[in-house]
Amino acid sequence: GDWIIKFRATTDPADIGKREFDIMELAKRAGLEVPEHKLFNDKYFGVKRFDRKQNGKKVFMISASGLLDADHNQPVLDYSDLLSLTAKLTRNMVEIEKMFRLMVFNVLINNTDDHAKNFAFLYDGENWKLAPAFDLTQTIGCWEHATSVNHKGIDITGADMIHLGYQVG
């Protein structure tokens with residue numbers, strides 16, 4: 001099948017592939033929908049393409065950045081935007097819950113690289129659904145989230161996340 005393999009950047013720690021693999025495994029154990037993934041040669045993290053069918057044909061995928069015309073280089077989104085987008089696009093409470101769970105996971109592991117291009121939706125010709133969680137990293141040295149929670153990029157509390165859940169639910 002088709003895989004995306006991530007190679008280490010010069011600024012990354014030597015074990016970045018193993019770290020990403022471990023975080024993806026943690027996400028899976030936490031109940032998030034994640035794509036098939038592997039650690040190649042004990043150091044290269046790979047994700048099987050989830051935007052392809054078995055026959056190799058493409059599945060239409062678009063990021064939140066593309067849908068909302070949101071600059072992924074700037075902290076312009078709040079998870080309330082993503083939860084609302086998920087609700088309007090999918091009209092499915094299961095998909096909204098997936099986005100909520102992804103928000104909680106990103107906050108708890110300190111994935112501050114949660115920008116608008118790291119959320120995507122798939123369309124099968126009839127229905128939209130949230131793409132599996134991808135590009136999950138634990139950010140070291142950066143505490144401000146690219147996507148805020150209850151309009152806070154730092155010092156996010158459980159109460160902030162619950163407040164958003166009540167807004168959408």
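The residue numbering used here restarts from 1 in each chain and proceeds along that chain's sequence as written. Totals for whole chains, interfaces and linings use every residue, but because this is a predicted model, local features are given only for residues with pLDDT of at least 70 and side-chain atom pairs only at 80 or more, for both listing and counting. Values shown for side chains rest on all heavy atoms present in the structure; no hydrogens or waters enter the calculation.

A. Structural view of the layout of surface pockets. Put simply, the grid is 1 Å and covers the protein atoms alone, a cavity is a trapped set of points that fit a 1.4 Å probe, a pocket is an open set with protein on both sides within 12 Å along at least five of seven lines, and lining residues have an atom within 4 Å of a point. Grid points are joined across faces, edges and corners, and a volume is the space filled by probe spheres set on the points. Considered as a void within the structure, the largest pocket measures approximately 260 Å³ in volume. Along its surface, the largest pocket is lined by 15 residues, and Ile 4, Val 47, Phe 50, Phe 134 and Asp 135 are the ones closest to its centre. Mapped onto the lining of the largest pocket, the elements with two or more residues apiece are strand E1 (3-6), strand E3 (44-48) and strand E4 (60-63). Polar here means any residue outside two lists: the nonpolar Ala, Val, Leu, Ile, Met, Phe, Trp, Tyr, Cys and Pro, and the charged Asp, Glu, Lys and Arg; Gly therefore counts as polar. Split into classes, the residues belonging to the lining of the largest pocket amount to eight nonpolar, two polar and five charged. Around the second largest pocket, the lining residues are Asp 12, Pro 13, Ile 16, Arg 19, Glu 20, Ile 23, Asp 113, Thr 137, Gln 138, Thr 139 and Ile 140. The residue inventory of the lining of the second largest pocket, partitioned by class, reads four nonpolar, three polar and four charged. The numbering of helices and of strands both runs from the N terminus, where a helix is a DSSP run of H or I of at least 4 residues and a strand a run of E of at least 2.

B. Spotlight on the pattern of salt bridges. Any Lys or Arg side-chain nitrogen found within 4 Å of a carboxyl oxygen on Asp or Glu counts as a salt bridge. Per the stated rule, a full pass over the model turns up 13 salt bridges. Residue Glu 20 pairs with Lys 6 through a salt bridge whose shortest N-O separation is 2.9 Å. Note that Glu 20 is positioned in helix H1 (residues 16-29) and Lys 6 in strand E1, a separation of 14 residues in sequence. Here the term buried applies to any residue with accessible area under 20% of the maximum for its type, exposed to any over 50%, and partly exposed to those in between, with areas from a 1.4 Å probe on protein chains only. We classify Lys 6 as partly exposed; its relative accessible area is 31%. Among the ionic pairs, Arg 101 bridges to Glu 97, the shortest N-O distance being 3.1 Å. Residue Arg 101 and its partner Glu 97 are both found in helix H4 (residues 93-109); the two are separated by four residues, about one turn of the helix.

C. Expanded view of helix H3 (residues 79-90). The first and last C-alpha atoms of H3 sit 16 Å apart over twelve residues, in line with the 16 Å expected at 1.5 Å per residue. Within H3 the residues assigned to the buried category are Tyr 79, Ser 80, Leu 82, Leu 83, Leu 85, Thr 86 and Thr 90. To estimate the expected span of a helix, count its residues, drop one, and scale the result by 1.5 Å.

D. Summary view of the sheet that holds strand E7 (residues 128-130). As summarised here, the arrangement of the three strands in space is E4-E6-E7, forming an open sheet in which the pairing is antiparallel. The open sheet terminates on both sides in strands that have one partner only, identified here as E4 and E7. When strand polarity is set aside, the average angle formed by the axes of neighbouring strands in this sheet is 30°. In this scheme, strands are said to pair when DSSP sees at least two bridges between them. Of the pairings in the sheet, the one linking E4 to strand E6 (residues 120-123) comprises four bridges and is antiparallel in character. In the sheet register, Phe 60 faces E6, and the bridge partner there is Tyr 123. For helices, the fitted axis covers only the stretch in contact; all axes are lines through C-alpha atoms, and the angles between them, taken along N-to-C directions, range from 0 to 180 degrees.

E. Structural detail: the packing of aromatic side chains. In this scheme Phe, Tyr and Trp rings, the latter by its six-membered ring, pair at centre separations within 6.5 Å, and the angle between planes marks the pair as stacked below 30 degrees, edge-to-face above 60, and tilted otherwise. Inspection of every chain in the model, using the stated rule, returns six aromatic pairs. Measuring from ring centre to ring centre gives 5.8 Å for Tyr 79 and Phe 119, while their planes differ by 85°; the resulting arrangement is edge-to-face. Highlighted residues: Tyr 79 in helix H3 and Phe 119 in the loop between H4 and E6, separated in sequence by 40 residues. Like Phe 119, Tyr 79 is buried. Taking the centre distance of 4.9 Å and the plane angle of 40° together, the rings of Tyr 123 and Trp 128 count as tilted. When its relative accessible area of 29% is taken as the criterion, Tyr 123 is described as partly exposed.

F. Main features of the nonpolar core. Among the nonpolar cores identified, the biggest contains 31 residues, and Leu 136 and Val 149 are the most heavily contacted of them. Contributions of two or more residues to this core are made by H1, E3, H3, H4 and helix H5 (158-168). Looking at this core, the element that brings in the most residues is H4, giving seven residues. In contact with Val 149, other than residues within four places in its own chain, are Asp 78, Tyr 79, Met 103, Val 107, Ile 156, Asp 160, Met 161 and Leu 164. Think of a nonpolar core as a cluster: buried Ala, Val, Leu, Ile, Met, Phe, Trp, Tyr and Cys residues, connected wherever their side-chain atoms sit within 4.5 Å. Counting six residues, the second largest nonpolar core, distinct from the first, contains Val 59, Ala 120, Leu 122 and Ala 131. Here, two residues are considered to be in contact whenever any of their heavy atoms come within 4.5 Å of each other.

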